[in-house]
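These are the residues of each chain, in order.
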Amino acid sequence: MVLLRPPLLRLHREQLWQRLGKVASVAALVSAVLLLGAAGAGVSSFLSPEQQRDRHLDPTRVGRQALLQLERPEVSAPQLERSEADTLAFEDRWIARVDVEAFGAEVHALGQRLLRQEQEAGQAHLEHLQRIVRGSDCLAFLGLSTMWLAPNPLTVLALGFWAHTRFTMVGHHSLHGGHNRIDPTRRYHSSRFGSRSLQRRVQDWFDWFLPEAWGVEHDLHHFKLSEDDDPDVVENVARTWQGTTKKWVMTFLTLIIWKWGYIAPQTFKEMKVREFQKAGKPLPEGFNRRAPMTLLEAFRMEGRNVFSSWEMLSQVLLPYLILHFVVLPLPLVLVDPSLNMLWNAEWNLLFADMLSNFLLFACVATNHCGSDMYRFRRGCKPWSPTFYLRAVCASTNFQHGGEISNFLHGWTNHQIEHHCWPHLSMLSLSRGQQELKEICQRHGVPYVQEPVWVRLGKTIDIMLERAKMRWFPEAWEREADLIPER
């Protein structure tokens, strides 16, 4: 009996460490919160007192201050009867004073100037992209080289932010054409990046969804921003959840399964719809293109959908599931036949996937959601003055800081600039940010900028229907910019 005690004690200690490791990995979510929170808040020490006060202004107060300053002589605002302006809600009264054409002209001119500067100084933009890629690759090396360890926050954070940075900066901006002018190798060119083969998908942007399908869906999002035809309106997704309990459960699940539970089937749907349209084929009877396509809905609509369940599984989900969660850690079996290292890797990969889903939702889905964000009933022409106005009043920025803060946010803290000029590089967006903000202030257009965690809270309020988004008053739209209704 005495001889048996040490092995038993050792076994208990190993089990204890394993369990503590799993708990610690869950705590990586909290660590990510602290990292992003520090990234946004840490820049305060480098700002003047006046800048710090400006950073912490409540967006509603910013809108009201802009409203009080609308009589500035430099704003060529249309002369409107007071009774007309009084029909608007207080938070919408800025709309009555904005010269949309003049505002759009200034934003367009700034975008053109940034584009010319990007073409003239492409090497600086290329070096910036290379730094981003190296940072993402370092996270990959750190995570993959330690995934055999017991589940731990370091590995989970590295793997989670690897997927996050690869999505938000490398894949996202490559498919927008943001690197077309600066990359002589064409490795990150929109026509080639992740293009239509499993090899390129694995090499360029390996995630739960098809890169080419995401490109189709995301273009629709940019040019149908916050309309009912926008596939990324969180409010429309949440509206399908009936009952308070279901809303809470689905809100929580959405935070950790966003990519494979919604993005993968939704983007695949939009790609298939595009294929139907190109072939001149009618959509299946009973199919509603505007309805959100979740993973569960994809199985429910079998036979009435633009794709079959097996088509989605075999082309989209299973390649990533098998290669990432089975093939990737499998060599550890050769090192440790007891499978302890393999199971450690599986737990680390699982927790990292949950973290990357959470980071993506927190930094992307929140960019156009909240009670201070606008929605629109009619479409507008690309690059028109109304297009630029919508890019600002239907988008929100997170706090800006140095390159580390921008990297942790995945450059989603430049979302307003990105929606004005989606074809520009990340460095161009940073360089144009302050000037765009000043244009908005001169014209009295609300420029909403808050920490990511504030925006996440406002998004959850929308998902739980504790708040609603604003509808832009249709009577105040610039008719010349709108697409005629069919």
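As shown above, the structure is provided for reference.
Residues numbered from 1 in each chain as written. Predicted model: local features only at pLDDT ≥ 70, side-chain atom pairs only at ≥ 80, totals over all residues. Heavy atoms only, no water.

**Examining the overall build of the protein chain**
For clarity, the cut-off: Helix and strand assignments follow DSSP, with helices taken as H or I runs no shorter than four residues and strands as E runs no shorter than two, numbered in order from the N terminus. Each residue gets one of three labels from its accessible area relative to the maximum for its type: buried under 20%, exposed over 50%, partly exposed in between, using a 1.4 Å probe on protein chains only. Only the protein chains shown count as cover for residues, and all accessible areas are computed by the Shrake-Rupley method using a 1.4 Å probe.
Across its full length, the protein chain carries 21 helices and two strands. Here the protein chain, with 486 residues, has 52% of them falling under the buried criterion. Of the roughly 22,800 Å² of accessible surface on the protein chain, a fraction of 60% belongs to carbon and sulfur atoms.

**Observations concerning the nonpolar core**
The line we're drawing: For this analysis, a nonpolar core means a set of buried residues of the types Ala, Val, Leu, Ile, Met, Phe, Trp, Tyr and Cys, connected via side-chain atoms within 4.5 Å. Contacts were defined at the residue level, with two residues in contact if any of their heavy atoms lie within 4.5 Å.
One finds Phe-209 and Met-312 to be the most contacted residues of the largest nonpolar core, which totals 76 residues. With 11 residues, helix H16 (residues 340-364) is the single largest residue contributor to this core. Ignoring sequence-local partners within four residues, the contact set of Phe-209 consists of Phe-167, Arg-201, Trp-214, Lys-259, Ile-263, Ala-264, Thr-267 and Val-316. Listed in part, the 35 residues of the second largest apolar core include Leu-389, Ala-391, Ala-394 and Trp-476.

**What to know about the state of the cysteines**
Here, disulfide denotes a covalent bond that connects the sulfur atoms of two cysteines. Definition in use: Pairs of cysteine sulfur atoms within 2.5 Å are what we label disulfides.
Counted according to the given criterion, the structure contains zero disulfides. Among the cysteines around Cys-440, which has no disulfide bond, Cys-420 carries the closest sulfur, lying 7.1 Å off. Relative accessible area serves as the criterion here: at 0%, Cys-440 is assigned to the buried category.

**What to know about the side chain of Thr-155**
Heads up, the rule is: Think of a polar contact as two N or O atoms within 3.5 Å of one another; within protein, one of them needs to be a possible hydrogen donor and the other a possible acceptor, and neighboring residues in sequence only count if both atoms come from side chains.
Counting through the fold element by element, Thr-155 comes out in helix H8 (residues 153-175). When its relative accessible area of 0% is taken as the criterion, Thr-155 is described as buried. A distance of 2.7 Å separates a polar atom in the side chain of Thr-155 from a polar atom in the side chain of Thr-146.

**What to know about unusual backbone geometry**
We note that Arg-196 has phi near 45°; this positive angle belongs to a residue other than glycine. Looking at the element boundaries, Arg-196 is found in the loop between H8 and helix H9 (198-204). A positive phi is found at Trp-411, a non-glycine position, where the angle reads about 60°. As for its placement among the helices and strands, Trp-411 is situated in the loop between helix H18 (403-408) and helix H19 (415-420).

**Quick word on the packing of helix H6 (residues 100-120) against helix H20 (residues 426-443)**
Stated precisely, the cut-off is as follows: Interaxial angles span 0 to 180 degrees and are taken between N-to-C directions of axes, which are lines fitted to C-alpha atoms, for helices over the stretch in contact. Under this scheme an angle from 65 to 115 degrees is roughly perpendicular, one under 35 degrees roughly parallel, and one over 145 degrees roughly antiparallel; angles in between are oblique. In a left-handed crossing the near helix is turned counterclockwise from the far helix by less than a right angle, and in a right-handed crossing that turn is clockwise. Throughout, the ten residues Ala, Val, Leu, Ile, Met, Phe, Trp, Tyr, Cys and Pro are labelled nonpolar, Asp, Glu, Lys and Arg are labelled charged, and all others, Gly among them, are labelled polar.
For the pair H6 and H20, interaxial distance at closest approach is 10 Å and the crossing angle is 165°. When the axes of H6 and H20 are compared, the pair comes out roughly antiparallel. H20 is crossed by H6, and the crossing has right-handed handedness. Of the residues in H20, those touching H6 at Ala-102, Phe-103, Glu-106, Val-107, Leu-110, Arg-113, Leu-114 and Glu-118 are Ser-428, Arg-431, Gly-432, Glu-435, Leu-436, Ile-439, Cys-440, Arg-442 and His-443. Looking at the contact of H6 with H20, its residues break down into eight nonpolar, three polar and six charged.

**Description of the packing of aromatic side chains**
The cut-off we apply is this: Each Phe, Tyr or Trp ring (for Trp, its six-membered ring) is paired with any other whose centre lies within 6.5 Å, and the angle between the two planes then decides the class: stacked below 30 degrees, edge-to-face above 60, tilted in between.
Under the defined criterion, the tally for this structure stands at 24 aromatic pairs. The interplanar angle of 80° and the centroid separation of 5.9 Å between the aromatic rings of Phe-167 and Trp-214 together place this pair among those described as edge-to-face. Placement of Phe-167 in helix H8 and of Trp-214 in helix H10 (residues 211-223) is noted, with a sequence separation of 47 residues between them. As far as burial versus exposure is concerned, Phe-167 and Trp-214 are alike and both buried. An aromatic cluster is present here, built from Phe-206, Trp-208, Trp-260, Tyr-320 and Phe-325 joined pairwise through their rings.

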